[in-house]
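What follows is the residue order along each chain.
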Amino acid sequence: MQTTLVAIFALASAFFAWRYFDTLRGVRELTEMVRHSANPKPGDMQSGTGSRSLSKLSRSLCDLVAESTLTRDLEASRRQFLETLLDQIEDALMIVDEASEVRFSNCAARLLFPSEMSQIGRPLIEVCFDHRIAETVTLARTLRSKTQEEFTRRMRAPSDGRIERTYLVEAEPLSSRGIGNGAWVLIRDVTLQVETERVRQDFVANASHELRTPLSIISGYVEMMDDGMDKATLRRCVPTMRKHTQRLGRIVEDMLTISKLESHEGNLNREPFDLAACLRDTLDHLHPIVEQQHARIHLDLPVEAGMIGDRFYWDQVFFNLIENALKQNSEPGLNVTVRLVAESGRYRIDIIDDGVGIPSADLPHIFKRFYRVQKDHSQTIKGTGLGLSIVKRAVEAHYGTIKVRSRPGTETVFTIEVPQPPSPKNLETGTASSGEENAGQSST
Ligand code: ADP
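This is a predicted model, so every value here is computed, not measured.

Visitor: How should the pairing of strand E2 (residues 102-105) be read in this particular structure?
Guide: On any regular strand, side chains alternate: one points to one face of the sheet, the next to the other face. Note that strand E1 (residues 92-96) and E2 share three bridges and pair antiparallel. Its bridge partner being in E2, Met94 is matched across the sheet by Ser105. Counted along the chain from E1 to the antiparallel partner E2, the turn is five residues long, and its residue Ser100 has a positive phi close to 60°.

Visitor: I'm lost on unusual backbone geometry in this one. Help?
Guide: Glycine aside, the phi torsion of most residues is negative, and most peptide linkages are trans. Within the chain, Ser344 stands out as a residue other than glycine whose phi angle is a positive 45°. Within the element layout of this structure, Ser344 appears in the loop between strand E9 (335-343) and strand E10 (346-353). On the basis of relative accessibility, which here comes to 76%, the residue Ser344 falls in the exposed class. Phi angles above zero are rare outside glycine, and Phe370 is one such case at about 70°. Its location among the elements puts Phe370 in the loop between E10 and helix H11 (377-380).

Visitor: What is the right way to look at helix H3 (residues 55-88) in this model?
Guide: Think of an α-helix as 3.6 residues a turn; residues three or four steps apart then line up on the same face. The end-to-end C-alpha separation of H3 is 49 Å, in line with the 50 Å expected for 34 residues at 1.5 Å each. Along H3, the residues classified as buried are Ser58, Cys62, Val65 and Thr69.

Visitor: I tried to follow the side chain of Ser105 on my own but got confused; where do I start?
Guide: Mapped onto the fold, Ser105 is located in strand E2. The buried category is assigned to Ser105, whose relative accessible area is 4%. Engagement of the side chain of Ser105 in a polar contact is seen with the side chain of Gln119, the distance being 2.7 Å. Excluding its chain neighbours within four sequence positions, the residues that come into contact with Ser105 are Leu93, Met94, Arg110, Gln119 and Ile120.

Visitor: Looking at this structure, how should I read the site of the ligand?
Guide: In the vicinity of the ligand, 18 residues are found, and the nearest of them are Asn324, Lys327, Thr384, Gly385 and Leu388. Backbone polar atom of Thr384 to an oxygen atom of the ligand: 2.9 Å apart, as the coordinates give it. A distance of 2.9 Å separates an oxygen atom of the ligand from a polar backbone atom of Gly385. With the chains in place, 97% of the 540 Å² that the ligand exposes on its own is no longer accessible. For the shell around the ligand, the secondary structure elements donating two or more residues are helix H10 (311-327) and helix H12 (387-397). Looking at which element gives the most residues to the shell around the ligand, the answer is H10, with three residues.

Cut-offs and rules
- Positions within a chain are numbered from 1, following the residues in the order the chain's sequence is written.
- Residue-level local features of this predicted model are given only where pLDDT is at least 70; pairs of side-chain atoms are given and counted only at 80 or more, and the full residue set underlies all totals for whole chains, interfaces and linings.
- Excluded from the side-chain calculation are hydrogens and water; included are all heavy atoms of the structure.
- Paired strands, as defined in this entry, are two strands with at least two bridges between them according to DSSP.
- Elements are defined by DSSP. Helices are runs of H or I of four residues or more, strands are runs of E of two residues or more, and each kind is numbered from the N terminus.
- Whether a residue is buried, partly exposed or exposed follows from its accessible area with a 1.4 Å probe, protein chains only, as a fraction of its type maximum: under 20%, in between, or over 50%, in that order.
- A helix is expected to span 1.5 Å for every residue after the first.
- Here a polar contact is recorded for every N or O atom pair within 3.5 Å, except that within protein the pair must consist of a potential hydrogen donor and a potential acceptor, and residues adjacent in sequence are included only if both atoms are side-chain atoms.
- It only takes one pair of heavy atoms within 4.5 Å for two residues to be counted as in contact.
- A single heavy atom is enough: if one lies within 4 Å of a molecule or strand, its residue is considered near that molecule or strand.
- A 1.4 Å probe and the Shrake-Rupley method give the accessible areas. Residues count as covered only by the protein chains that appear here.

Nothing here speaks to function; it is all geometry.
As structure tokens, then:
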């Protein structure tokens, strides 16, 4: 009996000892697995745990780990999605922590501040090398609100070395948890907007100035009339008033043309027409001035040059260019060459004169609105200063380019290049030059 009891006790002790060690081993295995496995799979954990007594705990742990893994994956994919999205925006965006160290930077920020080292973990000032950006962030933190600053930066350009760009920097403290007293900073390139605004302001100032001159002349005469004027004076005043009224009309008309060209490309009435005929018609219109000034016109045009575009604007382009050559050189004996050639699917039109020319300092500006080489010309030479501006916009609206080169007193060449319409007929006619040099339109 006693022996039986001892045996039962020994067996029970052995069983509990086995259960104890088995549980201990299972707990150790589970701990190791959770600690070492970056992404533990529930199956692995169950098979790894030999202890049956721990299977419930193991299952619960599995569920817990699976859940946390899912949450982690979800957060990682959310983060990746957000980062991809932020990489798409054109503005540079950075997030800094309370020590002003960069915790996130998007693709535009990496392009704006290129470096072989990663931007992450480095002080903002070291990444952007611009104290004004760092100061904007500091100010946003101090004021605990959004702040913004605009400043210009000199950048390296591959062509001429340096260019100036204007940036708008916005910064705001982060309200969310996670990055302590962090802040976001956004850097936007606003060079184009600033330039557009400046051009607009210049335009308004120039237009007002151009309109004010004839207006005040006319209103001066009107006042004189109001005070009473004898017939002889009246006869002298009327032509001057007419001249300035016409000038006002021309300025307004030119401004409207520019506005139409700028407002939408769709305003163009694109129809087939003959570019060579357009040039000939322009010269017909200018024939009286050519005769009056004893100028010589040399034509080098093909019989036909098929084109698709708005003939109204091409009339203006050719009229402005040829009239400019005549207008700027009223001395007799001016030579003007008008040449049109078709080459490599493009038309090249040269308008050449051997008059006074344009000084090299003025060349970069002459396509600007209201720009005149001699600022006092408005009183002596008819012109609004808008002609070349219209020419450039009209050519560009037809996907073409215009260039000018000038050697004052020797040669001034305006060259237009414009794509030919893709039709075999145009290629045929465009290249067939009739060799009209000195023919037909020549006059002295
Ligand atoms: P405008 O209406 O005063 O002629 P444009 O825009 O047509 O204005 O021309 C701008 C300026 O460019 C002119 O005022 C003139 O000084 C200069 N210019 C244009 N074409 C010529 C040319 N062929 N020869 C000399 N100067 C020219």
